[in-house]
Amino acid sequence: MSRFVLEALFIGAKEGVKLSFCTLLVFSLLSGRERLPLKRSVIAGLLVVFLASFLLLTLPVTFEMREIIVRMIGYVFGIFFFLSIGALFHESGTDIIGPFRSVGGKRVLQIPILLVLTIGYFAPDMAGSALFIADLASMAQAPMPVFLASGLGFVLFIAGTAALGRKVQPVFPRLFGLPQVLLTLALIKLLAGGIRGFAELTLIPAVQAGLMKLVHDVIHQTFVMILVPDHPVLSTTTWNFVGFLFRETAGLWLSLILLVTPLVLFVIKHFREPLRYPGSIDRPSQRRMFIRSIRDQRLLKSLPVLFFLAVIIMTWFSQQDAPGVSLYLPDPKPVAADGDALNIPIQSPTEDLRDGAIHKFSLLIRDEQVRLLIMKKPDGTLTACLDACEICPPDGYGQSREHVVCLYCKTPIPFDTVGKPGGCNPIPLPTVVTDKEVRLTMKDISEKWVLVKSGASKTTVK
Amino acid sequence: MKSIAARIYAFLRSAALTVWLVGLFLFYYLSMAVWSNEAFGMYIVHLSSNNLFRGFYLLFLSNVVLRLIERLQRLWSTRAQFILQLPLLVGLLLFLPALFLSLNMRKTLRTPPVGMGDIITVPHGTEKYQIQSVEPALKKRSLRNEGAAVFDYEPGLMLLDPQGRTYRVGAFPPSPVGSTYMHVLTFGIGPGVELKKGREVVFRGYIALQLTPFGNVDVFDNSDLPYKFYLSIIPNSTIRKGKESANTYDLEKPRYNVTVVKEEQTILNGETDSSIRIDENLTLSFFTPSDWVIVEVVQDRFLPWFVLSICLICVGIVPFLFSMVMSKLRAK
């Protein structure tokens, strides 16, 4: 079996398991005849998702559209995570619906909301996976086995999970209320929301990058407010002190705290909530039984939350490089321009620019060595930048597992933002990529380099 | 009337309002972060310019303040807990209004590059300060190798007010000067330049250029001349010992790499520490450079409160958590 077919089978199976498990989970909330219209709403949403995914395969899809799909997956995770937290706090005694309670119970509102949530939840994953399978098919010599394998994986695992799920579904109502269902849906999205086959199974790196960006921005804004200047001006001691907060480890810990704190608060609140007996229970033995049943119920309803917490804490740091592992720092290869044109071959006997690693090149401009950086981004595009940023001295970048890292200030830059200007990102260069080479002009390189060296590029930051 | 006021008060102090407002912020942040890269920066900008954002923030502020005051009142009966939680809660009480007021009331000026003798005028005010001296960030004579830091020291300056009082201003922390806070944002070297056409001096003075870290190229021109002058500081000499090498720099008499461009054509590239002839008529000479700094001048009465609130929050987190654990253990 070719690698492409195997990968397609895996993606089909993953999407099948996700879809059937999530549907079973939602249906466990919607049992009973009176909730049949809501079930139909979910099914209608799934049909829309299938149709949209097939339709997408017939359309020309740009890299920007792919980028939007990837961002939408992270967005949907965030929405479901925050909805689940709101619902958890509502369930544990903080009435957050208040006067909207009567409106929220109406079918006329519930049906469209459920339809939108179903489409919003499944559409980005299905669309992303469908596009990835189409990519695999185009790379394979025979596309049909790839499509068949993904379809087979999808159908078989839907059937398998549905059959298995029927046996365990009776347990679901004891474990999952609305908040727990929302949280589990968010967890499934986090753990299986990757749409790049074997290369990216989970959304964790993307969520980490998003949260670390928030932490970084909050710290940066605080520093701006308390008038901390750019770090080259600070003494080493001061920078070592304040720069600690910009390090990747600090960002990871702070983002983890941001993610788990509301859930920990919920668990504490959930178990500390006072027990109230119904007025009809007056015998002590009945009271004890009532208390026990409530405690059991609380424990069971906390299990999905505790499971979420355990999974997040276990996987959070495993995604990162082990401490002490050095950055990948390739030596720059000298290149020479042909007049104003600088053409760098995509594939040569010694390297392939599409291998996901950073590639550095050096050239001389007015007797000064200028370094370039070329890498393939997660969206498949090749991007070329100066090996320098707008803020720091031009020490350049190294590569960690999920980031390129500024060698001067150690700021991690997610791969998908390389090629975008601003902050500590490598300064992008106008590039034409053909099937054989990356084409740059000396004029562009020279202009940008002069700006870096003169510090004029910093004015855009300020 | 009384019941309406009571209902408004109950609404303002409700936990539900906190949850909704935090949820609203998260929804905004998430949506903005997906479609734009600077979601938090945009929020801060909106907070100081958009009334809708200000309105929601003030609602959140009143909600949190009321809830914090109630919490402090509740804690008063158990003094130990009150004392342990006080720094964090007071820190939060101060932080939210200080942030809002600071963002909305702050007046900021970033001076152009200034050096000894220049005057700094406070924004929207009448206060003026003269720069008595600039404390350079670089040693005048230094030996530097490949991995050396950009600057040797934090730069600073001495200011003199009309009453003859002096103030020292560094890079961080900002120094109180009159009604303002000032600090140095960046430092640079301004070469002393003289352009001579025959015997006539076309220009003589200091030009603030970004020539650090050494090797940086910066450019200047003169409106009377059709040339662009690209300058960078190069080592006065290089010392080699085995495989190691280090460069010496004399900032009293730096050595420059000079490139002169006329109509996109390089007409001269050379090195000098004194003067260089550009064409038959024109000479570029250098004299001892001067140091320049860019100073940020901020008028913000709420900055000390903002800093104090951050300190209280940082200091208060550990005793707060300790108090929470203690109260839990006591309840058991």
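This structure is a prediction, so every number in the text was calculated from the model and none was measured. (Residues numbered from 1 in each chain as written. Chains lettered and ligands numbered in written order. Predicted model: local features only at pLDDT ≥ 70, side-chain atom pairs only at ≥ 80, totals over all residues. Heavy atoms only, no water.)

Chemist: If you had to explain the side chain of Lys189(A) to someone new, which residues and values would you point to?
Modeler: Residues and elements named next belong to chain A. As for its position among the elements, lysine 189 is in helix α8 (residues 178-192). Here the side chain of lysine 189 touches tyrosine 121 through a polar contact of 2.5 Å, landing on its backbone oxygen. Apart from residues lying up to four places away in sequence, lysine 189 is in contact with Ile73, Val76, Phe77, Tyr121, Asp125 and Leu203. (Helix = DSSP H or I, 4+ residues; strand = E, 2+ residues; numbered from the N terminus. Polar contact = N/O pair within 3.5 Å; in protein donor to acceptor, adjacent residues only side chain to side chain. Contact = heavy atoms within 4.5 Å.)

Chemist: Residue-level account of the domain arrangement of chain A, with values.
Modeler: In terms of domain boundaries, chain A breaks down into domain 1 (3-202), domain 2 (207-320) and domain 3 (333-461). A separation of 38 Å is found between the C-alpha centroids of domain 2 of chain A and domain 3 of chain A. (Domains from an automatic or database assignment.)

Chemist: Requested: an account of the packing of helix α4 (residues 51-75) of chain B against helix α5 (residues 79-105) of chain B, with residues and values cited.
Modeler: Residues and elements named next belong to chain B. In the contact formed by α4 and α5, the axes pass within 10 Å of each other and the chain directions differ by 165°. On the basis of their axis angle, the class for α4 and α5 is roughly antiparallel. The handedness of the crossing between α4 and α5 comes out as left-handed. Residue composition of the contact of α4 with α5, grouped by class: 19 nonpolar, 3 polar and 3 charged. (Axes fitted to C-alpha atoms, helices over the stretch in contact; angles between N-to-C directions. Parallel < 35°, antiparallel > 145°, perpendicular 65-115°, else oblique. Left-handed = near helix turned anticlockwise from the far one by under 90°. Nonpolar A, V, L, I, M, F, W, Y, C, P; charged D, E, K, R; others polar.)

Chemist: Hey, could you go over helix α12 (residues 284-316) of chain A for me, with residue numbers and the actual values?
Modeler: Spanning 33 residues, α12(A) covers 47 Å between terminal C-alpha atoms, matching the ideal 48 Å at 1.5 Å per step. Within α12(A), the axis deviates most sharply at Leu303(A), by approximately 35°, and proline Pro304(A) lies no more than four positions further along. (Expected span 1.5 Å × (residues − 1). Bend = angle between axes of the 7 residues up to and from the residue.)

Chemist: How would you summarise the environment of Ser327(B) if you had to cite specific residues and measurements?
Modeler: Residues and elements named next belong to chain B. Looking at where serine 327 falls in the secondary structure, it is placed in helix α6 (residues 303-331). Assessed through its relative accessible area of 14%, serine 327 is described here as buried. Between the C-alpha atoms of serine 327 and glycine 192, which are 135 residues apart in sequence, the distance is 68 Å. Separated by 2.9 Å, the side chain of serine 327 and the backbone oxygen of methionine 324 make a polar contact. (Buried < 20%, exposed > 50% of the residue type's maximum accessible area, 1.4 Å probe, protein only.)

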